[in-house]
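Analysis of the macromolecular model
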Amino acid sequence: WSWVPFDNAFCANGSTTGIGANITDKSSKVVIYLMGGGACWNDLTCYGVKTAVNIESGYGEAQFESDAKNLNGSLFDRTDPDNPLKDASYFFVPYCTGDVHAGDNPDAVYGGKPTKHVGFANMKAFLSRIVATFPGAERVLLSGSSAGGFGAGFNWWQTQQAFGGVRVDLLDDSGPPLPSPYLSQSLEGQWRAAWNLNATLREGCAECQTDLSASFGFYAEKLPKNRASLLSYTHDQVIASYYQIPQSQVAEGLAALATELDTYENTRYYYV
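Residues numbered from 1 in each chain as written. Predicted model: local features only at pLDDT ≥ 70, side-chain atom pairs only at ≥ 80, totals over all residues. Heavy atoms only, no water.

**Quick notes on the sheet that holds strand 9 (residues 228-232)**
If you trace the eight strands from one edge of the open sheet to the other, you get 1-2-4-3-7-8-9-10, paired in mixed fashion. Only two strands of the sheet have a single partner each, and these edge strands are strand 1 (2-10) and strand 10 (267-271). Averaged over all neighbouring strand pairs, the angle between strand axes comes to 20 degrees, with direction disregarded. By the bridge criterion, three bridges tie strand 2 (residues 16-22) to strand 4 (residues 89-93) in an arrangement that is antiparallel. (Pairing = 2+ DSSP bridges. Helix = DSSP H or I, 4+ residues; strand = E, 2+ residues; numbered from the N terminus. Axes fitted to C-alpha atoms, helices over the stretch in contact; angles between N-to-C directions.)

**Observations regarding unusual backbone geometry**
With omega at 10 degrees, the peptide bond leading from S180 into P181 counts as cis. Tracing the sequence through the fold places P181 in the loop between strand 8 (168-173) and helix 5 (185-195). Phi angles above zero are rare outside glycine, and K50 is one such case at about 55 degrees. By secondary structure assignment, the location of K50 is in the loop between helix 1 (43-48) and helix 2 (61-68). Residue H101 is not a glycine yet carries a positive backbone phi of 60 degrees. Its location among the elements puts H101 in the loop between strand 4 and strand 5 (105-110).

**Some remarks on the packing of aromatic side chains**
Applying the stated rule across the entire model yields 20 aromatic pairs. Judged by centre distance (6.3 Å) and plane angle (25 degrees), the ring pair of W1 and Y90 falls under stacked. Placement of W1 in the segment before strand 1 and of Y90 in strand 4 is noted, with a sequence separation of 89 residues between them. Ring geometry for Y33 and F92: centres 6.3 Å apart, planes at 20 degrees, overall stacked. Note that Y33 is positioned in strand 3 (residues 29-34) and F92 in strand 4, a separation of 59 residues in sequence. Here Y33 falls in the buried class, since its relative accessible area comes to 18%. Judged by its relative accessible area of 4%, F92 is buried. (Phe/Tyr/Trp six-rings, centres within 6.5 Å; stacked < 30°, edge-to-face > 60°. Buried < 20%, exposed > 50% of the residue type's maximum accessible area, 1.4 Å probe, protein only.)

**Some words on the pattern of salt bridges**
Two side chains bearing opposite charge may form a pair once their charged atoms approach each other closely. Under the definition given, this model contains six salt bridges. We note a salt bridge from D169 to R167, for which the minimum N-O separation is 3.0 Å. Residue class for D169 comes out buried when judged on its relative accessible area of 9%. Residue class for R167 comes out partly exposed when judged on its relative accessible area of 27%. With its nearest N and O atoms 2.7 Å apart, the salt bridge here joins R192 to E188. With R192 and E188 both in helix 5, this residue pair falls four residues apart, about one helical turn. Pair check on accessibility: R192 and E188 agree, each one buried. Counted as one network, the salt bridges with shared partners bring together K50, E56 and K113. (Salt bridge = Lys/Arg side-chain N within 4 Å of Asp/Glu carboxyl O.)

Below, the structure is given as structure tokens:
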């Protein structure tokens, strides 16, 4: 793994950040993995209870060198003969913006503290460099866990547009876009306002402007040759806390989401 700094990508505290790269010539497959770590949208969540990582500390080379020691399992395991991605080149996108990699609001201020929610804008900068590095990419997998899972979903359209004719598939781990009423209008409105989501949501998805769970339907129609998968736990306490619902309702929300996903031929879900 190597750290690649960017002078046009920023953390919430205004410091610059970058990405981790593990490049090989064994294949032309590319994996882009988005780091998780909660979310925040006001003074209480960002600086009071601190429900998102790296908001005040930022994320640079030193943090990555520590995290990179653990980037050797699952889809990053090059020694596993059953890993279909063992010969791919890997990119690790850190998380320090509190906006599930989906925001484009550089001017948020909470309790007098400037807070850049610019995860989506950062991703645009990262993609520009990654695409240029792999003009002959065979296939791309966009993935992430928790906040990174949500981020992968929010950035799928942007990533596919950046790679053009190269197929980009989605693996969303523990970032389920639960439908109403499991995501309340009030909470969704707070997220949209804090992160400026309506400026970053998928171009052409009118429903996404009022319903974040409409994304899978949009993708199923617009990207019929691509594949998407969602991994989730039916009693995920972390998801329950961020959606501000009882833990028992996570299973209900996932069941409602499954009913919709069952209608799409190119989408699968795996619940534990």
